[in-house]
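For reference, the chains in residue letters:
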Amino acid sequence: MWFKNIQIYRIDDWKITSAELDELLSKRPLQNCLNMEIQSQGWVPPGIEKTRLVYARGQQMLIALGTEKKILPASVVNQLAKVRALEMEAQQGYPPGRKQMKEIKEATLYELLPRAFAIRQSNHAWIDPTEGWLVIDSASTAKADDFVEMLLKTIPTLAIKRTHTVLTPASAMTRWLAGDELPHVFSIDSDSVFRSREDKKVSISYHRHPLDSDEITRHVRAGKEVTKLALVWRGRIAFILDENLQMKRLTLLDIEKEPAESAEEQFDSNFFLMTEELKQLLPDLIDALGGESSDQLSSL
């Protein structure tokens, strides 16, 4: 268990035990899609143990939101819709119009849904009640927000906020590359993305290519800002920080892991290691960005 892409939220005044959380999640488990449903969501076991919806180690908790989605390619829908359109043309003597074609496609979709294949996926989240972190393992903001929305439906009394900082990540990363001192616990790696402030479609990406000062100066003077930057924290974790305070491609570096005798022990060891590292990394990152900006926090 090691999160690869994380999105950072705050939970205010968490007072729910792991047993209480398990009971609350059990009221909204993942169910199979009904015949006419495209998608269903619900809570699933987050660990190797399949009877619990909360994996807990000390006060740290791990939960998972499952999604079952029916796969129905547009090409399949369009193919059958053409057949239905030809049948309608034969009946009424002229081709269906735009409105009729839209209705045909909708009817075709519902006709095919009961026969569509369904796949299941899950997104995990770590809850740290002591420090108030909710960290979701997802590269997609939309999926992370879906997770938060489902958690709020399950526990309406929660107050969950996306984290914002005094310095925006883009401005801080641009300053660091331009020469401002980076906090000593971080070092800059060799991946970065510059984007024009005026035209968001204009960007330049560097992969495994350290920049010299002349290149950086040229981009900054041209009105570009850094939207992604590879960083290494304390020589232990490498990641990409982006302009939305998302951390991507988290990689554990040269940290010795204790050998485990079973899959359960390995899972527990990995979860403990991850939470212990992130409990130190997150505050360091927030501090590097000027601290949390309380006036920018917005409830979801």
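Everything quoted here is computed from the prediction, not taken from an experiment. (Residues numbered from 1 in each chain as written. Predicted model: local features only at pLDDT ≥ 70, side-chain atom pairs only at ≥ 80, totals over all residues. Heavy atoms only, no water.)

This paragraph deals with a negative patch on the surface. On the surface, Glu 49, Glu 261, Glu 264 and Glu 265 cluster together to form a negatively charged patch. Counting through the fold element by element, Glu 49 comes out in the loop between strand E2 (39–44) and strand E3 (55–57). Exposure remark for Glu 49: the relative accessible area of 34% places this residue in the partly exposed category. (Patch = residues over 30% accessible without salt bridge, like charges linked within 9 Å, V, L, I, M, F, W, Y side chains within 5 Å. Areas by Shrake-Rupley, 256 points an atom, 1.4 Å probe, with all protein chains shown as cover. Salt bridge = Lys/Arg side-chain N within 4 Å of Asp/Glu carboxyl O. Lys, Arg positive; Asp, Glu negative; His and termini not counted. Charge placed at Lys NZ, Arg CZ, Asp CG, Glu CD. Helix = DSSP H or I, 4+ residues; strand = E, 2+ residues; numbered from the N terminus. Buried < 20%, exposed > 50% of the residue type's maximum accessible area, 1.4 Å probe, protein only.)

Assignment of secondary structure puts Glu 68 in strand E4 (residues 60–71). Residue Glu 68 is classed as buried on the basis of its relative accessible area, which comes to 7%. Distance from Glu 68 to Glu 37, taken between C-alpha atoms, is 9.9 Å for residues 31 residues apart in sequence. The contacts of Glu 68, once residues within four sequence positions are left out, are Leu 30, Gln 31, Asn 32, Cys 33, Ile 38, Gln 39, Ser 40, Ala 118, Ile 119 and Arg 120. Of note is the side chain of Glu 68, whose polar atom sits 2.7 Å from the side chain of Arg 120. (Contact = heavy atoms within 4.5 Å. Polar contact = N/O pair within 3.5 Å; in protein donor to acceptor, adjacent residues only side chain to side chain.)

Within strand E6 (residues 133–137), four of the five residues are buried, which leaves it mostly tucked inside the rest of the structure. Two strands pair when backbone bridges link them, and strand E1 (residues 6–11) and E6 are joined in this way by five bridges, in the antiparallel orientation. Residue pairing across strands places Ile 6 opposite Asp 137, the latter belonging to E6. Pairing of strand E5 (residues 117–128) with E6, which is carried by four bridges, proceeds in the antiparallel orientation. Bridged to Asp 128 within E6 is Trp 133. What sits between the antiparallel neighbours E5 and E6 is a turn of four residues, in which Gly 132 has the positive phi angle 75°. (Pairing = 2+ DSSP bridges.)

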